[in-house]
Protein chains: 4
Amino acid sequence: MAKKPLNIGMIGYGFMGRAHSNAYRQVSQFFDLEYRPVLRAACARDANKVKAFADTWGYESTETDWRKLIARKDIDAIDVCTPNNVHREICEAAAAAGKIILCEKPLAMNGEEGRAMVAAVEAAKVPNIVWYNYRRVPAVTFAKQLIDSGKLGRVFHYRAKFLQDWTISPDLPQGGAGLWRLDVGAAGSGVTGDLLAHCIDTAIWLNGRIDSVSAMTETFVKQRPHTLTGKVEPVGIDDACAFLARFDNGSLATFESTRYARGHKALYTFEINGEHASIAWDLHDLHRLSWFDHRDEGPLRGWRSIHVTDGEHPYMNKWWVPGLQIGYEHTFTHQVADFLEGLATGKPAGPTFRDALDTQDVCDAVLASAKSQQWTPVAR
Amino acid sequence: MAKKPLNIGMIGYGFMGRAHSNAYRQVSQFFDLEYRPVLRAACARDANKVKAFADTWGYESTETDWRKLIARKDIDAIDVCTPNNVHREICEAAAAAGKIILCEKPLAMNGEEGRAMVAAVEAAKVPNIVWYNYRRVPAVTFAKQLIDSGKLGRVFHYRAKFLQDWTISPDLPQGGAGLWRLDVGAAGSGVTGDLLAHCIDTAIWLNGRIDSVSAMTETFVKQRPHTLTGKVEPVGIDDACAFLARFDNGSLATFESTRYARGHKALYTFEINGEHASIAWDLHDLHRLSWFDHRDEGPLRGWRSIHVTDGEHPYMNKWWVPGLQIGYEHTFTHQVADFLEGLATGKPAGPTFRDALDTQDVCDAVLASAKSQQWTPVAR
Amino acid sequence: MAKKPLNIGMIGYGFMGRAHSNAYRQVSQFFDLEYRPVLRAACARDANKVKAFADTWGYESTETDWRKLIARKDIDAIDVCTPNNVHREICEAAAAAGKIILCEKPLAMNGEEGRAMVAAVEAAKVPNIVWYNYRRVPAVTFAKQLIDSGKLGRVFHYRAKFLQDWTISPDLPQGGAGLWRLDVGAAGSGVTGDLLAHCIDTAIWLNGRIDSVSAMTETFVKQRPHTLTGKVEPVGIDDACAFLARFDNGSLATFESTRYARGHKALYTFEINGEHASIAWDLHDLHRLSWFDHRDEGPLRGWRSIHVTDGEHPYMNKWWVPGLQIGYEHTFTHQVADFLEGLATGKPAGPTFRDALDTQDVCDAVLASAKSQQWTPVAR
Amino acid sequence: MAKKPLNIGMIGYGFMGRAHSNAYRQVSQFFDLEYRPVLRAACARDANKVKAFADTWGYESTETDWRKLIARKDIDAIDVCTPNNVHREICEAAAAAGKIILCEKPLAMNGEEGRAMVAAVEAAKVPNIVWYNYRRVPAVTFAKQLIDSGKLGRVFHYRAKFLQDWTISPDLPQGGAGLWRLDVGAAGSGVTGDLLAHCIDTAIWLNGRIDSVSAMTETFVKQRPHTLTGKVEPVGIDDACAFLARFDNGSLATFESTRYARGHKALYTFEINGEHASIAWDLHDLHRLSWFDHRDEGPLRGWRSIHVTDGEHPYMNKWWVPGLQIGYEHTFTHQVADFLEGLATGKPAGPTFRDALDTQDVCDAVLASAKSQQWTPVAR
């Protein structure tokens, strides 16, 4: 208990507010770290709701104005869990106030905003990170280790998909709690910023930067009731997006995301084919990694299904014993652990705002290509 | 925060001490309950170690003598996470002191001990439960709902296995931290009490009582260094155990457990074949349930792999969104939630000591049959 | 044995020569048909080799000049198993001679050739078919039945891949027996004509015509020894090809093929996502079909793995009993059976040359798009 | 065509008559052997049916009395595809006539009959084999090679199951075409002789002889209409059978078979756990072998799914190319190929009658144990 406190001010109390709060509460029991998160304040416009949230999660106080939260001296770090369209404003203010920032993904509405945000945190020299949590699935981190070890050799192919099916009904409204993701004004884009951003972040982390893309998007349901206006309004987001890409390392890629793939709840998958070995992963069975190694004895070659739950696997010596899996929420705990470790060692954990800007730039190129129907280079 | 506190006194700080503590800490954020666990005291013989444990997990105080813990007025409930050979003594004392008891499985060293413990808690009228946590894997609870709904019709077959491979090396010692499970003096038996007990508890819960068994056991490594004596000692536990069984409902069963099944970490599986439908489950992918329904349209019949992560599935509306899995530790959280709910409603959650005695009796019959090489009826 | 003979003249004795011959030999034992194939003559330039082939497979005679074969009165049908670059010449001659034609896929080197071939067979009014054998995998035929039944509703997505890894080594030569597929002069293209053509044929059959595409291709190994010239020569084929597509029915698609996907031997997969249901299939487990139906009872929804081996499944009542799978070669037997049935009933089995021309046109658009880096409409 | 003919006389025209005939017809095209099967005569009591069968499969002549068939000089080998209760009589007569014998499994009604049959073929010195075809699934043969190579080390566990669900309906009659397997008079036993015999044959082949067993059997449907008597008759067969076993090599085993496992068509599975490695296989995906090797690099350990379709795999260089699977019927072709090879080399392919007697003895011990409810040693 002599550990250094890191006082958290949380903005937002939705799905991500819960996921982050759980991580802050759980990290110190499982990871031995110099810093210890303290849930100092939760902030949201609705005083009653934020009070209830704070009670449940053990936040010591509440605010209804995020500017007041940022102004508080007893807050070290701001966690931004708002819709995308206010990320920039909050982050710029927090940076100006010298606060550490943990921002939910995607970083911004677009690359232009993202650049401003990167400039802000770098000018203020505040530690910063974006919650691309899937990097910290143990199997995904293990994939990163395998790739960095050189075991794959030259990479030929990368393919990623993020398939869902929850918006097929035309009766589903846009806007409002949980549904702001269908409202282009709040979300900026549809599956591209929400789902493909995850795929792109992982891809850049594992396979390097993307050079150019050719994309197509579609909005299958053209209009939906809007919960704010009460009227049926045109739908501005992309329901589905697929794109071809070429990486800097010469490999070819296909990416696809949709909320119209019947039967898939949150099927984020990726596969990498290298000269010597291949890797595949799937969020629906996130504790497994598929591995094929051509250097195995000829007739015994086959895809291995690795149950990534051994003490030797990333993060897993902190949890239970081999065979006993962890889940989705632990990816956030790992991110907090790494972030706190980075604070202590001075080697910042990624993805920083700058790292996340690369993903934003790819998203922008994807949306531009879908519009222009041209191959589009990714801005650098 | 106006919720009623339930003051926990934890005995033991090993693997199960951590798993239970995590559940107590996490339950109130995810479940809306009348009672709220408070981590009042942790108890173990080693003062330094229990202090460190208490610091990590937020226990307010420590004890080094479990009798003192039980004597404390500020403790409502005793959680017993010791080796099996002291369960009885602690539970009898706790019952006599009027404490609520949450006892790690298996209930006892044998049925005789178990009967005494049941008598103790029932005489004292204290709420009691045994940590057969796998009942609360959402997919397993869902299996229970499906069976209770009558969808399977007459049951013909039950089969369960719990396969591990961690004791194959003859260099592994018996006794000591984490290895008391290999010491028959501390554990009472090997895989029968440790692993088959889980399979039997689930089986009885899902398919009713077991009438009789024919078993075989084997100790593959006959002697191992003992960490307490420092000498090579005969191994008294069963390394492997398999048995045939007949249930009261007329179905046939095979059960098997071993710690010598190379390639399996904690592969607890069961399958039930009914007249109309079948169910299968596997701890290595605990968030899935396999379901076959003969009433499906003929050519479309096939085993369904159900990703048990929807809001409609047991417990899952408390956690994240469809497709995002939870893990092993959540089974304990669910057990705490149900236990607290039972305290509030007066309808006790199972398995109570009495329920767990049935499992103990089957274990006894199994070990007796392995010794006598005879079909053996289960005591009632 | 009173059945009508259909006298076959086979050109070529390679892999496909064997596959087709086996089908002709096996079909009459399993299918009750009016026509019975008779292996009348095999033809190839190498007299010794074709003699050996004829001996093995039971062809009654041999020829070394395909023009002589076509000229023979005792031959009813010509089976074309040569490299792609001579399909046109042979087929035009065979049509002119009034022969039935069964041509290996792809139909032609390009759409222009294909159009001429369609004109030839239609002018001559000779029955004709192209060996896109994967339509007759029972699981794929079953998928077609499901789609035609309307069970999927509106289709949103189609995705197909054909992944191999056999050309990764740069030491592999181009040209020569079995390796003419790497020689652009003999093959016309690489994976596009060899592998994607299969994917496209199935896709059009299942989901209707493709409107436009955006493609990329890559040749990873730029030069290889050529077995004919004995020199290292530039590689002219596409090693990998991926494309985005829009179907006439409004659905979006991704297609990909490569011979550089380490770990995959012949992984042809497709998936279709409809409003109500989805289907997936995989050549590596060709006897299974994956099926998801949103109309299933909510919490019991899951992907079904249908073992397509029941008597109710397409073709399967001709073979063994439920659970016993057939394999690759049977797709050819099914095609022969359907073709013979079509001869008897006058309702020709597909894909006819005209059907196969659609696939050729998509391949042409794909290769053109890869070159121009533009979205490209498919010729009609 | 200069190959030595082996003139086959087939008795029976049911499921197995077809499977064997197909193998005889196909073997010479795919395997280069000194002998070539010639379908000389088919024999069955019903003259019309056997004529139709002979026409379809190309048998040159027919007989309606198996004694006449055996007496024919132009017949080299007798293939016995009758119900089990006439195996002995036919085989003894065929041996006495100096005929080669290929007998469908199980060898006999019981060990006593089997002993007499072994004596008969050994006295007559006629080549003989029993159709335990699953040994020749390439993946199973590969398993045998892996075990014989010593890669597994000491074996701890063997488990096998053969699960079906086709007799659950009580309306299904016993006796008659295809249903003689439900009639104890014709079959001798139920799942024990029909299905477990396969499991036992493979087990002995892979893991050596079985020392003793403890079994239970059950007849779930106690009476069924009999197609011969036209009356409802008691059912004499075992619907389900499970047994524990100890092998000579010290390993423990569980075996189970049933026709009441809803959802399983012909799910024959086995798994072997050795000190260093484990193997698993499943008839529903017969072209795959699961392999776990503890000697793999620690964090990369996982079960490999080997697609047993490479040229290096047993038998597979005779068929197609990697990734393209074969099916059930090919196991018979492989058995014919090996048998013919054995004739040529003088090293007989197994399982011979003597080999198959071991399986018969285990079946007898199983049925005896189920009756006596005692552990029962296997006769030697």
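Parameters and conventions
Residues numbered from 1 in each chain as written. Chains lettered and ligands numbered in written order. Predicted model: local features only at pLDDT ≥ 70, side-chain atom pairs only at ≥ 80, totals over all residues. Helix = DSSP H or I, 4+ residues; strand = E, 2+ residues; numbered from the N terminus. Buried ≥ 20, exposed ≤ 12 C-beta atoms within 10 Å, placed from the backbone. Expected span 1.5 Å × (residues − 1). Bend = angle between axes of the 7 residues up to and from the residue. Contact = placed C-beta atoms within 7 Å. Pairing = 2+ DSSP bridges. Axes fitted to C-alpha atoms, helices over the stretch in contact; angles between N-to-C directions. Least-squares fit on C-alpha atoms with pLDDT ≥ 70 in both. Domains from an automatic or database assignment. Nonpolar A, V, L, I, M, F, W, Y, C, P; charged D, E, K, R; others polar.

## Things to note about unusual backbone geometry
Phase 1 of the analysis: In this chain, Lys105(A) is followed by Pro106(A) through a cis amide linkage whose omega measures -10°.
Phase 2 of the analysis: Structurally, the position occupied by Pro106(A) is in the loop between strand 5 (100-103) and helix 5 (111-124).
Phase 3 of the analysis: In this structure, Lys125(B) is a non-glycine residue whose phi angle is positive, near 55°.
Phase 4 of the analysis: Tracing the backbone through its elements, the reader meets Lys125(B) in the loop between helix 5 (111-124) and strand 6 (128-130).
Phase 5 of the analysis: Lys125(B) gets classed as exposed once you count the C-beta atoms within 10 Å, which come to 9.

## Side note on helix 1 (residues 15-30) of chain A
Phase 1 of the analysis: Taking 1.5 Å per residue as the helical rise, helix 1 of chain A with its 16 residues ought to reach 22 Å, and the 23 Å between its terminal C-alpha atoms agrees with that figure.
Phase 2 of the analysis: For helix 1 of chain A, the principal kink sits at Tyr24(A) and spans about 25°.
Phase 3 of the analysis: Along helix 1 of chain A, the residues classified as buried are Gly17(A), Arg18(A), Ala19(A), His20(A), Ser21(A), Asn22(A), Ala23(A), Tyr24(A), Gln26(A), Val27(A) and Ser28(A).
Phase 4 of the analysis: On its buried face, helix 1 of chain A sits against strand 1 (4-11), strand 2 (35-43), helix 2 (47-57), strand 4 (77-80) and helix 9 (330-345) of chain A together with helix 1 (15-30) of chain B.

## With respect to the sheet that holds strand 5 (residues 100-103) of chain B
Residue and element names in this part refer to chain B.
Phase 1 of the analysis: Here we have six strands laid out as an open sheet, ordered 3-2-1-4-5-6, and parallel in their pairing. Either end of the sheet is taken by a strand with one partner, and the two such strands are strand 3 (61-63) and strand 6. Adjacent strand axes in the sheet meet at a mean angle of 25° when their direction is disregarded.
Phase 2 of the analysis: Where strand 4 (residues 77-80) lies against strand 5, four bridges are found, and the strand directions are parallel. Each bridged residue has a counterpart across the sheet, and for Ala-77 the counterpart in strand 5 is Ile-100.
Phase 3 of the analysis: On the sheet, helix 2 (residues 47-57) packs against strand 2 (35-43) and strand 3 and is oriented at approximately 155° with respect to strand 2.
Phase 4 of the analysis: Helix 4 (residues 87-96) contacts strand 1 (4-11), strand 4 and strand 5 of the sheet and is inclined by roughly 165° relative to strand 5.

## So, the relation of the copies chain A and chain D
Phase 1 of the analysis: Superposition of chain A onto chain D requires a rotation of 180° combined with a translation of 0.0 Å along the rotation axis, giving an RMSD of 0.0 Å. The two molecules are tied by a two-fold rotation axis, judged by turn and shift. Minimal C-alpha distance to the rotation axis in chain A is attained by Arg304(A), lying at 2.0 Å.
Phase 2 of the analysis: The share of interface residues of chain A whose copies in chain D are also at the interface is 100%, consistent with both copies meeting through the same surface.

## Quick notes on the interface of chain A and chain D
Phase 1 of the analysis: Tallying the contact residues gives 15 residues for chain A and 15 residues for chain D.
Phase 2 of the analysis: If you tally residues by element for the side of chain A that touches chain D, the top one is strand 16 (residues 303-307) of chain A, at five residues.
Phase 3 of the analysis: Two strands pair when backbone bridges link them, and strand 16 of chain A and strand 16 (residues 303-307) of chain D are joined in this way by three bridges, in the antiparallel orientation. Along strand 16 of chain D, the bridge assignment pairs Arg304(A) with Arg304(D).

## Comments concerning the sheet that holds strand 2 (residues 35-43) of chain C
All names here are of chain C.
Phase 1 of the analysis: Strand order in the open sheet made by the six strands is 3-2-1-4-5-6, with parallel pairing throughout. Across the chains shown, the open sheet's two edge strands, defined by having one partner strand only, are strand 3 (61-63) and strand 6 (128-130). The sheet shows a mean angle of 25° between the axes of neighbouring strands, taken without regard to direction.
Phase 2 of the analysis: Of the pairings in the sheet, the one linking strand 1 (residues 4-11) to strand 2 comprises eight bridges and is parallel in character. Residue pairing for strand 2: Lys-4 is matched across the bridge by Tyr-35.
Phase 3 of the analysis: Relative to strand 2, helix 1 (residues 15-30) is tilted by about 150°, and along the sheet it contacts strand 1, strand 2 and strand 4 (77-80).

## As for the interface of chain C and chain A
Phase 1 of the analysis: Counting residues at the interface gives 29 residues for chain C and 29 residues for chain A.
Phase 2 of the analysis: Where the side of chain C that touches chain A is concerned, the elements lending two or more residues are strand 7 (155-163), strand 8 (210-218), strand 11 (240-247), strand 12 (252-258), strand 13 (267-274) and strand 14 (277-282) of chain C.
Phase 3 of the analysis: The dominant element in the side of chain C that touches chain A, judged by the number of residues it contributes, is strand 12 of chain C, at four residues.

## Focus on the domain arrangement of chain A
All names here are of chain A.
Phase 1 of the analysis: Along its sequence, chain A is organised into domain 1 (4-133) and domain 2 (136-377).
Phase 2 of the analysis: A separation of 23 Å is found between the C-alpha centroids of domain 1 and domain 2.
Phase 3 of the analysis: Each partner contributes to the interface: domain 1 provides 37 residues, whereas domain 2 provides 37 residues.
Phase 4 of the analysis: For the side of domain 1 that touches domain 2, the secondary structure elements donating two or more residues are helix 1, strand 2, helix 5 and strand 6 (128-130).
Phase 5 of the analysis: The dominant element in the side of domain 1 that touches domain 2, judged by the number of residues it contributes, is helix 1, at eight residues.
Phase 6 of the analysis: Residue classes in the side of domain 1 that touches domain 2 are distributed as 24 nonpolar, 10 polar and three charged.

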